[in-house]
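Structural overview
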Amino acid sequence: MVLLSKPTTEQYSCIRKTPTFPTSIVPVVDLSKPGDAKTLILKACEDYGFFKVINHAVPMEAISNLESQAAEFFSLPFTQKEKAGTPNPFGYGNKNIGRNGDLGWVEYLLLTNNHDYNFIRLSSVFGPKAEQFRNVLSDYMCGVRKMACVILELMAEGLNIEEKNVFSKMMMDKESDSVFRLNHYPPYPENFNNNGKGMIGFGEHTDPQIISLLRSNNSSGLQICLRDRSWVSVPPDHNSFFVNVGDALQVLTNGRFRSVRHRVLANGLKSRLSMIYFCGPPLSERIAPLPSLLLNGNESLYNDFTWFEYKSSAYATRLADNRLSRFERISTTSASS
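Every chain begins its residue count from 1, and numbering advances along the sequence as written. Local features in this predicted model are restricted to residues of pLDDT 70 or higher, and side-chain atom pairs are both shown and tallied only at a pLDDT of 80 or more, whereas totals for entire chains, interfaces and linings draw on every residue. To get the side-chain values, all heavy atoms of the structure are used, and hydrogens and water are removed first.

This part is about the side chain of Gln223. Strands are runs of DSSP state E lasting at least two residues, helices are runs of H or I lasting at least four, and both sets are numbered from the N terminus onward. Tracing the backbone through its elements, the reader meets Gln223 in strand β9 (residues 222-225). Buried residues are those whose accessible area, probed at 1.4 Å on protein chains only, stays under 20% of the maximum for their type, while exposed residues exceed 50% and partly exposed ones sit between those limits. Under the relative-accessibility criterion, Gln223 is labelled buried at 2%. Polar contact is defined as a pair of N or O atoms within 3.5 Å, subject to the rule that within protein one atom must be able to donate a hydrogen and the other to accept it, and that residues adjacent in sequence are counted only when both atoms are side-chain atoms. Here Ser233 takes part through its side chain, which lies 3.0 Å from a polar atom of the side chain of Gln223.

Here we take up the layout of surface pockets. Each pocket or cavity is described by its volume, and for the largest pocket that value is around 1,000 Å³. Only β4 (91-97), β5 (102-111), β6 (179-185), β7 (198-205), β8 (211-216), β12 (262-266), β13 (272-279) and α8 (307-314) provide two or more residues apiece to the lining of the largest pocket. When residues of the lining of the largest pocket are assigned to their parent elements, the largest contribution, five residues, is made by β4. Note on residue categories: nonpolar means Ala, Val, Leu, Ile, Met, Phe, Trp, Tyr, Cys or Pro, charged means Asp, Glu, Lys or Arg, and polar means any other residue, Gly included. Residue composition of the lining of the largest pocket, grouped by class: 22 nonpolar, 18 polar and nine charged. The rule is simple: put a 1 Å grid over the protein atoms alone, call a set of points where a 1.4 Å probe fits but cannot get out a cavity, call an open set with protein on both sides within 12 Å along at least five of seven lines a pocket, and count a residue as lining if it has an atom within 4 Å of a point. Grid points are joined across faces, edges and corners, and a volume is the space filled by probe spheres set on the points.

Turning to the sheet that holds strand β3 (residues 50-54), a few remarks are in order. Read from one edge of the open sheet, eight strands run β2-β3-β11-β8-β13-β6-β5-β4, paired in mixed fashion. If you trace the sheet from one side to the other, it starts and ends with β2 (28-30) and β4, each paired once. Each adjacent strand pair in this sheet contributes to an overall mean axis angle of 25 degrees, direction not counted. For two strands to be treated as a pair, DSSP must find at least two bridges joining them. Alignment of β8 against strand β11 (residues 241-245), held across four bridges, turns out to be antiparallel. Paired with Leu213 across the bridge in β11 is Val243. Here, residues are in contact when the closest pair of their heavy atoms is within 4.5 Å. Only the contacting stretch of a helix is used when fitting its axis, a line to C-alpha atoms as for every element, and angles between N-to-C directions run 0 to 180 degrees. The sheet contacts of helix α2 (residues 60-74) involve β4, β5, β6, β8, β11 and β13, and relative to β13 the element is tilted by about 115 degrees.

So, about the confidence of the model for the protein chain. A residue's pLDDT is the predictor's confidence in that residue, given on a scale from 0 to 100. Looking at the protein chain, the pLDDT average stands at 89 and 88% of residues meet or exceed 70. Contacts for the low-pLDDT stretch residues 332-337, under 50 throughout, to residues beyond four places or in other chains number three contacts.

In this description, a pair of aromatic rings is defined by centroid distance and the angle of the planes. Side-chain rings of Phe, Tyr and Trp, where Trp is taken by its six-membered ring, are said to pair if the distance between their centres is within 6.5 Å; with planes under 30 degrees apart they count as stacked, over 60 as edge-to-face, and otherwise as tilted. Inspection of the entire model under this criterion finds 13 aromatic pairs. Aromatic pair Phe78 and Tyr92: ring centres 6.1 Å apart, planes at 65 degrees, arrangement edge-to-face. With a gap of 14 residues between them, Phe78 in helix α3 (residues 78-81) and Tyr92 in strand β4 connect regions that are remote in the sequence. Grouping aromatic residues by their ring pairs yields a cluster made of Phe73, Phe74, Phe78, Tyr92, Phe126 and Phe133. Placement of a positive charge over a ring is assigned whenever Lys NZ or Arg CZ falls within 6 Å of the ring centre and within 35 degrees of the normal to the ring plane. Its guanidinium or amino end placed over the ring of Phe119, Arg134 lies 5.4 Å from that ring's centre, counting from NZ or CZ. Here the guanidinium or amino end of Arg263 rests over the ring plane of Trp231, the centre of that ring lying 3.9 Å away.

Okay, the environment of Lys38 next. You can see Lys38 is positioned in helix α1 (residues 34-47). Owing to a relative accessible area of 29%, Lys38 belongs among the partly exposed residues under this scheme. Placed 120 residues apart in sequence, Lys38 and Gly158 show a C-alpha to C-alpha distance of 5.1 Å. Once residues lying within four places of it in the same chain are set aside, the contact partners of Lys38 are Leu154, Glu157 and Gly158.

Turning our eyes to something else, we now look at the nonpolar core. The biggest cluster of nonpolar side chains holds 72 residues, and the ones touching the most others in it are Phe51, Ile151, Met155, Phe167, Phe180, Ile211 and Leu213. Non-local contacts of Ile151, meaning those with residues more than four positions away in its chain, are made with Leu31, Ile41, Phe51, Val53, Ile211, Leu213 and Val243. Buried residues of nine kinds, namely Ala, Val, Leu, Ile, Met, Phe, Trp, Tyr and Cys, make up a nonpolar core once their side-chain atoms join them within 4.5 Å. Core analysis: the next-biggest nonpolar cluster, separate from the first, contains 20 residues, Phe90, Tyr185, Val264 and Phe278 among them.

Here we take up the packing of α2 against helix α5 (residues 130-158). Axis separation between α2 and α5 bottoms out at 9 Å; the angle between their running directions is 140 degrees. Taken together, the axis directions place α2 and α5 in an arrangement best described as oblique. Helix-helix and strand crossings are classified by hand; for α2 and α5 the assignment is left-handed. Seen from α2, the contacting residues are Ala62, Ile63, Asn65, Leu66 and Gln69; seen from α5, they are Gln132, Phe133, Val136, Leu137, Asp139 and Tyr140. Along the lines of polarity and charge, the residues of the contact of α2 with α5 split into seven nonpolar, three polar and one charged. What sets the label is the angle itself: under 35 degrees gives roughly parallel, over 145 gives roughly antiparallel, 65 to 115 gives roughly perpendicular, and the rest give oblique. Crossing handedness is defined as follows: a turn of the near helix away from the far one that is anticlockwise and smaller than a right angle gives a left-handed crossing, while the clockwise case is right-handed.

Quick look at the structure:
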């Protein structure tokens, strides 16, 4: 049971239908071929900040088990789901995204990287089945973390960084601030008149973390923004993962990789269920362009900051805001011209 009040055009932005990203040009990375993968990842991160991963080695059983558990959670009565607590920041949310007025046709469950904390939080929801949910979630997150580690190390190799684990060690640190999110976008009511336009499920934004790894059911809705500011729809593929470059990685690479602006449209035909793992560094981690990428006179484009400072700043803004703008540095060349 989903308790989302009837949407209105005043509450939710509606946008015109956008073209579909041709399947043939969606960057596809085969992790079973690491030699090719690092080159393809490098180009995809530079051109789009986004790519699809196949042969990812995350067990399909772990994926399907979590999807079933997630579907069961979102089918619960609203009063039962509320027992997970309001998202401050972890818990169950409905329509309200963050604390700054953003709305979407979505309900979600935001969880930590700490399985003990999640178990305590969800015990009142699942009762005796809470342990089962914990185990299923743990299996899935373990598989996704291993995949993320491979991807992050291939990124470092592609950038010719000697320290192969320069990115992955932040995510693998025991103090890593990685988070996990389940999003459910129900079909909107049949009698909602959207005049042929799509309704925003989750508004446009970039992810603050290093990378995020997205997997969804076979339902469309994901769109990314290209360099020319045009929006394209990404064809769904429930057997693969999609990877977004986040703001932190943009800074670490001094802008060589660009965080991808993306959004999700809801539809009136089929619900969309997505599972996203956000790879975050420890709160005390200092984020700054890597010295090895500042050779040959290249200047840093950003003032350095801790992950805690950036996270605090990012979550005080609206979704569509350019969260990195306050950390951008004016180059000495521009300042003197």
